[in-house]
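Letter by letter, the chains look like this.
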Amino acid sequence: MRSIRVETSGATVLLTEAPEPKVKDRQTGEIAKDAQSGEALMRLGVVYIDGGESSLLQVTVPESGVTEGLALGAPVTLIGLIARPWESVFNGQQRHGIAFRAEAIAPAAISVGAGA
């Protein structure tokens, strides 16, 4: 399916769930790996606020893309954020959604207003 780049420059993004390893198989505890690089993947939660609306998102990031200094509730920057629609059939039921993936996550730079 097609990947859609998400423009984040005008949005506020706050970290709501600390990065944890993304589990591929809950029965075995196997950690998900990037299909191309083989690198371990991390999962984290953010609230994405833009245009007066907010959404809670689960985002997947490669382990090397998780930078130091992240704090719950603090603004973050999602570098290279993409959305990818998905669908599957599980136990006879069709499921669908949108998966979010970023190249990296970092603490957001805090801008100081001109009048400050």
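Residues numbered from 1 in each chain as written. Predicted model: local features only at pLDDT ≥ 70, side-chain atom pairs only at ≥ 80, totals over all residues. Heavy atoms only, no water.

**Student:** Help me understand the pattern of salt bridges in this model?
**Tutor:** For side chains bearing opposite charge, pairing can occur when the charged atoms are close. Summed over the entire model, instances satisfying the criterion amount to two salt bridges. Where Glu30 meets Lys24, a salt bridge forms, and the shortest distance between an N and an O atom there is 4.0 Å. According to the relative accessible area criterion, Lys24 is exposed, its value standing at 60%. (Salt bridge = Lys/Arg side-chain N within 4 Å of Asp/Glu carboxyl O. Buried < 20%, exposed > 50% of the residue type's maximum accessible area, 1.4 Å probe, protein only.)

**Student:** Sorry, what's going on with the sheet that holds strand β6 (residues 53-62) here?
**Tutor:** Where strands meet in a sheet, backbone hydrogen bonds hold them as pairs that are either parallel or antiparallel. With mixed pairing, six strands are arranged side by side in an open sheet as β1-β8-β9-β6-β5-β2. Both edges of this open sheet fall to β1 (4-5) and β2 (12-21), since each of them pairs with a single strand only. When strand β8 (residues 82-90) meets strand β9 (residues 93-101), the two strands line up antiparallel, connected through nine bridges. Opposite Val89, over in β9, you have Gln94 as the bridge partner. (Pairing = 2+ DSSP bridges. Helix = DSSP H or I, 4+ residues; strand = E, 2+ residues; numbered from the N terminus.)

**Student:** What is the right way to read the pairing of β6 from this model?
**Tutor:** As defined by bridge partners, strand β5 (residues 41-50) adjoins β6 across ten bridges and the pair is classed as antiparallel. What sits directly across from Val47, in β6, is Leu56. Where β5 hands over to β6, the hairpin turn is made up of two residues, of which Gly51 adopts a positive phi near 60 degrees. As paired strands, β6 and β9 are joined by two bridges and run parallel to one another. Each bridged residue has a counterpart across the sheet, and for Val59 the counterpart in β9 is Phe100.

**Student:** Explain the confidence of the model for the protein here, please?
**Tutor:** Caution is warranted with low-pLDDT regions, since their predicted coordinates should not be read in detail. The pLDDT averaged across the protein works out to 90; a share of 93% of its residues lies at or above 70. Within the model, the stretch residues 112-116 combines pLDDT values under 50 with zero contacts to residues more than four positions away or in other chains. (pLDDT = per-residue confidence, 0-100. Contact = heavy atoms within 4.5 Å.)

**Student:** Would you mind going over the nonpolar core with me for this structure?
**Tutor:** Generally speaking, nonpolar side chains in soluble globular proteins are found buried as a group. Counting 16 residues, the largest nonpolar core has Leu44, Val46, Val59 and Leu78 as the members making the most contacts within it. Elements that contribute at least two residues to this core include exactly β2, β5, β6 and β7 (76-79). (Core = buried A, V, L, I, M, F, W, Y, C linked by side-chain atoms within 4.5 Å.)

**Student:** Looking at this model, I keep getting lost on the side chain of Thr60. Mind explaining?
**Tutor:** Here Thr60 is to be found in strand β6. You can call Thr60 buried: its relative accessible area is 10%. A distance of 3.3 Å separates a polar atom in the side chain of Thr60 from a polar atom in the side chain of Lys22. Apart from residues lying up to four places away in sequence, Thr60 is in contact with Lys22, Leu41, Met42, Phe100, Arg101 and Ala102. (Polar contact = N/O pair within 3.5 Å; in protein donor to acceptor, adjacent residues only side chain to side chain.)

**Student:** For this particular structure, what's the right way to read the environment of Trp86?
**Tutor:** Along the polypeptide, Trp86 turns up in strand β8. Here the alpha-carbon distance between Trp86 and Gly97, two residues eleven residues apart in the chain, equals 5.5 Å.

**Student:** Help me understand the environment of Gln27, please; the structure alone is not making it clear to me.
**Tutor:** Mapping Gln27 onto the fold places it in the loop between β3 (23-25) and β4 (30-31). Residue classification places Gln27 among the exposed positions, given a relative accessible area of 79%. Along the primary structure Gln27 and Gln58 are separated by 31 residues, whereas in three dimensions their C-alpha atoms are 21 Å apart.

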